[in-house]
Amino acid sequence: MTENGEETAPLRRSEVTELRLASDGPGRGACACASSAADPTALPQDRSQAILEAAKQIGAILKRAGHSFALAGSVAVYAHGGSRYLQHDADFAILPDDADAVAHTLREAGLDVRVPPEDWLLKTTCHGQNVDIIFELAHQPVTRDMLDRAHVLPVDSVLMPVLCPTDLIHSLISAFSEHYCDFGSVLPVVRAVREKVDWDVVRAACGDQPMPAAFLFLLERLNVIDARKGQP
């Protein structure tokens with residue numbers, strides 16, 4: 001989910017200032033995932049459940065702090081009725097201007113916040129699982145409108161905002177390029193949520209780009225989605 005295509009010219013991004021590794025141990029209000037990462041025996045034995053636990057914990061922290069966010073990635077697909085087989089990480093979308101405040105909240109909860117070479121996300125770890133805090137999806141900044149469209153859904157019993165299916169699929173398809181074009185990983189995701197997606201919006205947003213257009217054509221040939229009106 002955190003792959004970006006290379007078809008779009010880079011956008012000017014808000015600066016993320018003074019983000020550094022948390023040097024102190026868990027303090028007041030430290031979350032359970034910080035201590036469990038140091039004790040492997042405390043982790044859920046099932047990898048998918050561990051990712052869900054990480055998503056629940058981070059979501060609860062962000063909710064308590066009043067941050068605007070939405071769950072993204074494979075856990076968001078699960079929340080919308082997709083597969084529970086999770087083998088990567090948990091992803092959260094936030095506004096670019098909120099990156100500093102979110103990083104501070106996570107550090108206050110006892111989590112390390114890492115700044116990777118990519119300048120469109122932050123990283124942390126919870127329950128031994130990677131968590132990406134993303135403020136760009138496929139070269140497009142996360143917007144207030146996108147977060148406002150999020151659906152509040154239960155994620156393994158914890159309510160939190162989840163990217164709407166149309167934004168979720170758009171972000172995945174828009175990331176396709178000559179250097180990243182894994183149709184096979186996205187196809188089952190589309191099958192899981194296809195009836196909840198506004199495909200006209202997706203086509204209008206990215207259907208004129210070669211790789212997204214090729215994937216949309218594949219979906220039509222497989223009868224996953226209807227062909228565009230006016231086409232055979």
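Refer to the preceding data block for the structure.
If you're wondering where the values come from, they're calculated on a predicted model, not measured in any experiment.

Each value, and the rule that gives it
- Residues numbered from 1 in each chain as written.
- Predicted model: local features only at pLDDT ≥ 70, side-chain atom pairs only at ≥ 80, totals over all residues.
- Heavy atoms only, no water.
- Pairing = 2+ DSSP bridges.
- Helix = DSSP H or I, 4+ residues; strand = E, 2+ residues; numbered from the N terminus.
- Phe/Tyr/Trp six-rings, centres within 6.5 Å; stacked < 30°, edge-to-face > 60°.
- Buried < 20%, exposed > 50% of the residue type's maximum accessible area, 1.4 Å probe, protein only.
- Polar contact = N/O pair within 3.5 Å; in protein donor to acceptor, adjacent residues only side chain to side chain.
- Contact = heavy atoms within 4.5 Å.
- Arc of directions from axis to C-beta.
- Salt bridge = Lys/Arg side-chain N within 4 Å of Asp/Glu carboxyl O.

**Student:** So what about the pairing of strand β7 (residues 151-155)? Which residues, and what values?
**Tutor:** In this sheet, strand β8 (residues 158-162) lies alongside β7 in antiparallel orientation, the contact comprising 5 bridges. The residue of β8 that forms the bridge with Pro 154 is Leu 159. Connecting the antiparallel pair β7 and β8 is a turn made up of 2 residues, with Asp 156 showing a positive phi of about 50°.

**Student:** Account for the packing of aromatic side chains, naming residues and giving values.
**Tutor:** Counted by the stated rule, this structure contains 5 aromatic pairs. Judged by centre distance (5.0 Å) and plane angle (55°), the rings of Phe 183 and Phe 215 are tilted. A residue pair is termed long-range when its members are at least 10 positions apart, and Phe 183 in helix α7 (residues 183-193) and Phe 215 in helix α9 (residues 210-221) qualify at 32 residues. When sorted by exposure, Phe 183 lands in the same class as Phe 215, which is buried. Aromatic ring contacts, followed pair by pair, group Phe 176, Tyr 180, Phe 183 and Phe 215 into a single cluster.

**Student:** Provide a residue-level description of the side chain of Arg 203, including the pertinent values.
**Tutor:** Position of Arg 203 among the secondary structure elements: in helix α8 (residues 199-206). Arg 203 sits in the buried class, given a relative accessible area of 9%. Of the polar contacts made by the side chain of Arg 203, one reaches the backbone oxygen of Asp 226; its length is 2.9 Å. Once residues lying within four places of it in the same chain are set aside, the contact partners of Arg 203 are Asp 208, Leu 216, Glu 220, Ile 225, Asp 226, Ala 227 and Arg 228.

**Student:** Give a detailed account of α8, specifying residues and quantitative values.
**Tutor:** The complete set of buried residues in α8 reads Trp 199, Val 202, Arg 203 and Cys 206. Seen from one end, α8 has its buried residues packed into an arc of 100°, which puts them on one side. Away from its buried face, by an angle of more than 90 degrees, α8 presents the exposed residues Asp 200 and Ala 204. Next to the buried residues of α8 lie α6 (165-174), α7 and α9. For α8, the side-chain oxygen to backbone nitrogen distance between the N-cap and Asp 200 is 3.2 Å, and the N-cap itself is Asp 198.

**Student:** Give a detailed account of the pattern of salt bridges, specifying residues and quantitative values.
**Tutor:** On inspection of all chains with the given rule, the structure shows 5 salt bridges. Here Asp 167 ties to Arg 149 by a salt bridge, and the two come within 2.9 Å at their closest N and O atoms. Taken together, the positions of Asp 167 in helix α6 and Arg 149 in the loop between α5 (144-148) and β7 put the pair 18 residues apart, joining distant regions of the chain. For Asp 167, a relative accessible area of 8% gives the class buried. Note on Arg 149: relative accessible area 41%, which makes it partly exposed. Put simply, Glu 53, Lys 56 and Asp 156 are held in one network by salt bridges that share partners.

**Student:** Describe α6, with residues and values.
**Tutor:** When you tally the buried positions in α6, you get 9 out of 10 residues, the bulk of the element. Of the residues making up α6, those classed as buried are Pro 165, Thr 166, Asp 167, Leu 168, Ile 169, Ser 171, Leu 172, Ile 173 and Ser 174.

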